[in-house]
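# Geometric and topological summary
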Amino acid sequence: MLLCDPTVPTPGQNLRRAVALAELEGRTIGLLENGKLNALAMLRETAAIFEARHSCRVVSIRSKSNASAPAPEATLKAAVEEADFLITGLGD
């Protein structure tokens, strides 16, 4: 029996957490929905909590077409330019 390892080594990644915001008051929110059935509704409900509690406002809603793949780099760059923070999540 011949066993094959289907994985490939990944290039070195420089992953780090984003710096936490000192406060949320008046910040702008970007939403990133993944195309799943309830994703946008869930994100809007979540954003409404930030709007009510911290006077935040939604400035953009972006989409990605594949829930299991990362968002395109251009989508993330645009979100960074428009919003102070981004909310994303699954809608299932």
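Preceding this section is the structure that the text describes.
Described below are features of the structure shown in this document. (Residues numbered from 1 in each chain as written. Predicted model: local features only at pLDDT ≥ 70, side-chain atom pairs only at ≥ 80, totals over all residues. Heavy atoms only, no water.)

### Things to note about unusual backbone geometry
To be explicit about the condition: Segments assigned H or I by DSSP are reported as helices when at least four residues long, segments assigned E as strands when at least two residues long, and all are numbered from the N terminus.
Look at S55: it is not a glycine, yet its phi comes out positive at around 55 degrees. Note that S55 resides in the loop between α1 (39-54) and β2 (57-63).

### Considering the pattern of salt bridges
Quick note on the threshold: Salt bridge, as used here, is a side-chain nitrogen of Lys or Arg placed within 4 Å of a carboxyl oxygen of Asp or Glu. Only protein chains enter the accessibility calculation, which uses a 1.4 Å probe; a residue whose area is less than 20% of its type maximum is buried, one above 50% is exposed, and one in between is partly exposed.
Summed over all chains, the structure comprises 3 salt bridges. Between R62 and E82 there is a salt bridge, with the nearest N and O atoms lying 2.8 Å from each other. Pair noted here: R62 is in strand β2 and E82 is in helix α2 (residues 73-82), with a separation of 20 residues, a long-range link. Judged by its relative accessible area of 35%, E82 is partly exposed. Note that E73 and K77 form a salt bridge whose closest N and O atoms lie 3.2 Å from each other. Of this pair, E73 and K77 both sit in helix α2, separated by 4 residues, roughly a single helical turn. Residue E73 is classed as exposed on the basis of its relative accessible area of 56%.

### Looking at the pairing of strand β3 (residues 85-88)
The test is simple: Only strands joined by at least two bridges in the DSSP assignment are considered to pair.
Residues of β3 alternate between two faces, with F85 and I87 buried on one and L86 and T88 left unburied on the opposite face. Bridge count between strand β1 (residues 28-33) and β3: 4 bridges; the pairing is parallel. Pairing of I29 across the sheet is with F85, part of β3.

### Considering the nonpolar core
Formally: Joining through side-chain atoms within 4.5 Å is the link that ties buried Ala, Val, Leu, Ile, Met, Phe, Trp, Tyr and Cys residues into a set, and such a set is a nonpolar core.
Within the largest apolar cluster, 7 residues are counted, these being I29, L31, L43, A47, C56, F85 and I87. Of all the secondary structure elements, the ones that give two or more residues to this core are β1, α1 and β3.

### Considering the packing of aromatic side chains
Where two aromatic rings form a pair, the distance of their centres and the angle of their planes describe that pair. Which entries qualify depends on this criterion: Put simply, two rings from Phe, Tyr or Trp (the six-membered ring, in Trp's case) pair if the centres are within 6.5 Å, and we call them stacked under 30 degrees between planes, edge-to-face over 60, tilted for the rest.
Under the definition given, this model contains 1 aromatic pair. Pairing F50 with F85 gives two aromatic rings, centres 5.3 Å apart and planes at 55 degrees, and the pair type is tilted. Pair noted here: F50 is in helix α1 and F85 is in strand β3, with a separation of 35 residues, a long-range link.

### Structural notes on the environment of L90
Basically, it comes down to this: Residue contacts follow a heavy-atom distance rule, with two residues in contact if any of their heavy atoms lie within 4.5 Å.
Position of L90 relative to the elements: it lies in the segment after β3. Classification of L90 by relative accessible area gives exposed; the value is 52%. Remark: the alpha-carbon pair of L90 and V19, spanning 71 residues in sequence, is separated by 23 Å. If we ignore the near neighbours within four places in the chain, the residues touching L90 are N34, K36 and M42.

### Topic: the side chain of N34
Quick note on the threshold: Pairs of N or O atoms within 3.5 Å make up the polar contacts considered here, provided that, within protein, one atom can donate a hydrogen while the other can accept it, and that residues adjacent in sequence are counted only when both atoms are side-chain atoms.
For N34, the location among the structural elements is in the loop between β1 and α1. Using a relative accessible area of 4% as the deciding quantity, one classes N34 as buried. Separated by 3.0 Å, the side chain of N34 and the backbone nitrogen of K36 make a polar contact. Not counting chain neighbours up to four residues away, the residues in contact with N34 comprise A39, K64, A67, G89, L90 and G91.

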